[in-house]
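Tertiary structure, described
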Amino acid sequence: MDFKVSDIAKFLNGEIVGDENIRISNVSKIEEGKPGTLAFLANLKYENYLYSTKASVVLINKTFVPKEIVNATLIKVDDAYQAFASLLDLYVQAKSLLKTGIEQPSYIDSSAFVGEDIYVGAFAYVGKNAKIGNNTKLYPQVYIGDDVTVGNDCIIYSGAKIYSDCVIGNRCIIHSGAVIGSDGFGFAPLENGNYKKIAQIGNAVLEDDVEIGANTTIDCGTMDSTIIRKGSKIDNLVQVGHNCEVGENNVIAALSGLAGSSKVGKNCKFGGQVGLAGHLTIGDNVFIGAQSGVAKSVSSNQIILGSPAIDIKDAIRAITVYKNLPKLRDEVIQLQKEIKSLKELKLNSEN
Amino acid sequence: MDFKVSDIAKFLNGEIVGDENIRISNVSKIEEGKPGTLAFLANLKYENYLYSTKASVVLINKTFVPKEIVNATLIKVDDAYQAFASLLDLYVQAKSLLKTGIEQPSYIDSSAFVGEDIYVGAFAYVGKNAKIGNNTKLYPQVYIGDDVTVGNDCIIYSGAKIYSDCVIGNRCIIHSGAVIGSDGFGFAPLENGNYKKIAQIGNAVLEDDVEIGANTTIDCGTMDSTIIRKGSKIDNLVQVGHNCEVGENNVIAALSGLAGSSKVGKNCKFGGQVGLAGHLTIGDNVFIGAQSGVAKSVSSNQIILGSPAIDIKDAIRAITVYKNLPKLRDEVIQLQKEIKSLKELKLNSEN
Amino acid sequence: MDFKVSDIAKFLNGEIVGDENIRISNVSKIEEGKPGTLAFLANLKYENYLYSTKASVVLINKTFVPKEIVNATLIKVDDAYQAFASLLDLYVQAKSLLKTGIEQPSYIDSSAFVGEDIYVGAFAYVGKNAKIGNNTKLYPQVYIGDDVTVGNDCIIYSGAKIYSDCVIGNRCIIHSGAVIGSDGFGFAPLENGNYKKIAQIGNAVLEDDVEIGANTTIDCGTMDSTIIRKGSKIDNLVQVGHNCEVGENNVIAALSGLAGSSKVGKNCKFGGQVGLAGHLTIGDNVFIGAQSGVAKSVSSNQIILGSPAIDIKDAIRAITVYKNLPKLRDEVIQLQKEIKSLKELKLNSEN
């Protein structure tokens, strides 16, 4: 795609300083700017790059006054970072609008309901009685099981799979390979050592504005629902076990795992590779450091770290000592020697 | 689906107390019961809910005598929990029976053999000389490579992929996105720092009654087979490396990884995010706690924890001290001071 | 497939000792040899198996002189292991040659360019303006987004997904379920606790000779590229975050995760389940032990272990003390008692 600088300035309600007729076809970082691209300067730490950048256009704050000659065309706006972010959004939306219509071959069961202005890529599958909302995009090879409901304005990328009966809210984004609603991991041990599968007949529910990363798996509830509440963002390769409830606006980083039936409050953050045991309750605003293993429930507003996870200040103190454990042990050995010699001295002085 | 209470009672060989004509369309927990659903009471801890539940029907043990008036229709059975579980199984089977026939477009190579009463979803692929047993279900977008054998009564969910030459037993369940038989991770370092791929020409074998979770990966053997023995259950996002042998009736939780050539005995349990180094031998009935890292072989009947994993009792004792390491260090510093002053006193008293 | 021993000897430039007319259809390990298979003897530790193996043909070094009677037909070559490896390569290549042509139904956009001698499996998808090089194989259900470039001689296995704008070099192998170019995990917190998605408009670039494991995910850069440099091999279920740069000839084992914007040098090795924090710089020839958590940048030629990762020698020393922490604590308690009694003795002697 290709944009005129005057159109961009108009969209941003900005003022052009320099060549109005320049066209740009991409964006760049100011320190790596290339001709034909647009960059931005918000953090003055990067000011020097403004005078040397090869980017054709740079967004700057209205209040900023350059100290040297600038070769790039400038667009002066209220907030350069926000303006840049809104350009990226516009670009993504424009690209997204190109995906529309129903490619063939695809499979939409005759009992399914599909809304207006949807995109269905080739080899996508929509099962019996499924409902797909307006403006929703199902990329190629997506699987929507029977009786699934998907809201409006969702994007489900190539090869994501949604098991039957699941419910997806509005404006959700589900990345390639994510699996929503697979069977929970429930087996009853028999006397002979074999396991009997416990039927998993619940579903998974994603509320509005949820984003699920590539190859992440969200199991269905055993009888009820596994729930991801609105606004939560889950990274790639995360496992959410059956009957979990992830509250609003959680951010869960890659390779984390939540065992079954745990409930997480609002506005929590999980670092990467965190593990949460089953049947826990995590409060609101809890931050869990990367690679932590959480074995107990956690009240609100805690920051925890470690395996098992403890208060982050205690964890950091313990780590500091841990790294020097051999020294500590040597000191104890030294103390033992000194005490021994003190005792011998004592003994000698008594004789 | 919708069931008459009299049909349910007949199937369970139970006795109805209350309205025989009620119909139910779903199940619920007794504490969250809704009209039109069936719940059960097995654990007397939940007895109070029996008198207030909104569930229309409740399964109870024959020996149980209510202390108050019950609004729900009761079905008295020998074992309420078992009866409930068998109803769930029946429900799943009934739903499963609806999946039958070969949807189009799908791709079944002319040299492939498919059994009776199978389901092949749209966009599923069955390669050359592959054999699919009776009553097996291949959901949409499943991939079955050349020369693969799949037994009877299997369910392979949407988008699972089975590489060529693999062998799947009877009654196996493979969830969406699982990959069976991908190349083992084997590379020979060359003198110039590059790596040369070592050809991986073995396969992966799942024996009967194995269940593989969503997005789990089982690599093929380098020359022989990677084997998952009968009855083993593997959760989501687990990695099983080339030439591993997982014995009968193992339960391996999510995000665990087994490096190449390790052998695990029977009836072991792995918590989530466990890592097993390569070329280890793990005995029977070994339990490995979540996030453990196992670097050495383990004999039978051990319970281990930690990274590196040690006997669980030792691990818990070490963790207890670990959490208080700063206090321990402070105590050592205090001891050093006291010894120093004792020595000085000694020295003074000698002068 | 089925080969004559004389053809194999000719290909290997080897000398036959025994029956020239034997045919083999598979390979085996010498200790598990079966009739109709070919094995090799390189490590003399296995010499005894040579005299008892049931393999029909065994490759041996020219310099090797058997001490007992050998039943198998021998092929004498310069280097038995190398000869065996090249046979495996030949076998894989021969099998691979069978995959050719464009199966139907598949979807190749009219604006896409596809090279010569390619294989496109059924239900594979090639988007607008995508370019697929010569001799490249797209297995069934592969997804190639718009404007993607794939080089020559690549193999992309069933169900791998490549988002739009990504670039794949020559001779790359991408396993089933891998996702290349999914959105980076970037969200700006708003005052009300919600998160606003930061548009991710960059791409992912794999240079030549890269191998990506099953269900691994490589996110796109926010504006620029996430880069995997030539010769790097990434195992299954690995997460590479946005804007990362993985240098040449890295080997990254399963279930590892690299947070955003980290840069890794050349010829590094990551064990399984390693976690790398964001915005780090890792030098060349760095080895990171399994389950390590790397929170700081690492200079070249380090071997590190632990969470947080430290020099491996220090880590092993700390682990040794850690396992005996309860004993160390008991020793400190004992010292406290002894000091107390020494002080009391002192006090008594002064009175």
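Comments concerning the interface of chain C and chain A
In this complex, chain C contributes 65 residues to the contact, which on the side of chain A involves 60 residues. Across the interface of chain C and chain A, roughly 5000 Å² is buried in total on both sides, 64% from carbon and sulfur atoms. Sorting the residues of chain C by area buried against chain A places Phe185(C), Tyr195(C) and Met223(C) first, and these three jointly supply 14% of that buried surface. The closest approach of N and O atoms between Lys95(A) and Asp165(C), which form a salt bridge, is 2.7 Å. Elements that contribute at least two residues to the side of chain C that touches chain A include exactly β21 (179-182), β23 (195-197), β26 (217-219), α4 (312-323) and α5 (325-350) of chain C. The element contributing the most residues to the side of chain C that touches chain A is α5(C), with 11 residues.

Some remarks on the packing of aromatic side chains
Residues and elements named next belong to chain A. Under the defined criterion, the tally for this structure stands at 33 aromatic pairs over all chains. Their ring planes at 55° and their centres at 5.8 Å tell us that phenylalanine 40 and tyrosine 81 sit as a pair that is tilted. Linking phenylalanine 40 in strand β5 (residues 37-41) with tyrosine 81 in helix α3 (residues 80-97), this pair joins segments that are 41 residues apart in sequence. Assessed through its relative accessible area of 35%, tyrosine 81 is described here as partly exposed.

Quick word on the relation of the copies chain C and chain A
Overlaying chain C with chain A gives an RMSD of 0.1 Å, the required rotation being 120° about an axis along which the chain moves by 0.0 Å. The operation mapping one copy onto its partner corresponds to a three-fold rotation axis.

With respect to the domain arrangement of chain A
Assigned domains within chain A: domain 1 (3-96), domain 2 (101-313) and domain 3 (318-351). On a C-alpha basis, the centroid separation for the pair domain 1 of chain A and domain 3 of chain A is 66 Å.

Remarks on the interface of chain C and chain B
At the junction of the two partners, chain C supplies 60 residues and chain B supplies 66 residues. Of the roughly 5000 Å² buried at the junction of chain C and chain B (both faces included), carbon and sulfur atoms supply 64%. Linking chain C with chain B are six salt bridges, by the criterion used here. The set of elements that each furnish at least two residues to the side of chain C that touches chain B consists of β4 (26-27), α3 (80-97), β28 (233-234), β31 (251-252), α4 and α5 of chain C. By residue number, the principal contributor to the side of chain C that touches chain B is α5(C), which donates 11 residues. Taken together, the residues of the side of chain C that touches chain B sort by class into 31 nonpolar, 15 polar and 14 charged.

Looking at the confidence of the model for chain A
Averaged over all residues, the pLDDT of chain A is 95; the fraction at 70 or higher stands at 99%. Overall fold confidence (pTM) sits at 0.95, and the ipTM for the predicted complex is 0.93.

Notes on the pairing of strand β27 (residues 225-228) of chain C
Across four bridges, strand β24 (residues 203-206) of chain C lies against β27(C) in parallel orientation. Considered in β27(C), the bridge of Val205(C) is made with Ile227(C).

Quick word on the sheet that holds β27(C)
Residue and element names in this part refer to chain C. If you walk across this open sheet you meet the nine strands as β10-β13-β16-β19-β24-β27-β30-β33-β36, and the pairing is parallel. Lying at the two open borders of the sheet, with one neighbouring strand each, are β10 (113-114) and β36 (281-282). Sheet topology note: the strand β30 (residues 245-246)/strand β33 (residues 263-264) ladder contains two bridges and is parallel. Looking across to β33, one finds that valine 246 is bridged to valine 264.

So, how was this worked out
- Residues numbered from 1 in each chain as written.
- Chains lettered and ligands numbered in written order.
- Predicted model: local features only at pLDDT ≥ 70, side-chain atom pairs only at ≥ 80, totals over all residues.
- Heavy atoms only, no water.
- Contact = heavy atoms within 4.5 Å.
- Buried area = accessible area lost by both parts, 1.4 Å probe.
- Salt bridge = Lys/Arg side-chain N within 4 Å of Asp/Glu carboxyl O.
- Helix = DSSP H or I, 4+ residues; strand = E, 2+ residues; numbered from the N terminus.
- Phe/Tyr/Trp six-rings, centres within 6.5 Å; stacked < 30°, edge-to-face > 60°.
- Buried < 20%, exposed > 50% of the residue type's maximum accessible area, 1.4 Å probe, protein only.
- Least-squares fit on C-alpha atoms with pLDDT ≥ 70 in both.
- Domains from an automatic or database assignment.
- Nonpolar A, V, L, I, M, F, W, Y, C, P; charged D, E, K, R; others polar.
- pLDDT = per-residue confidence, 0-100.
- Pairing = 2+ DSSP bridges.

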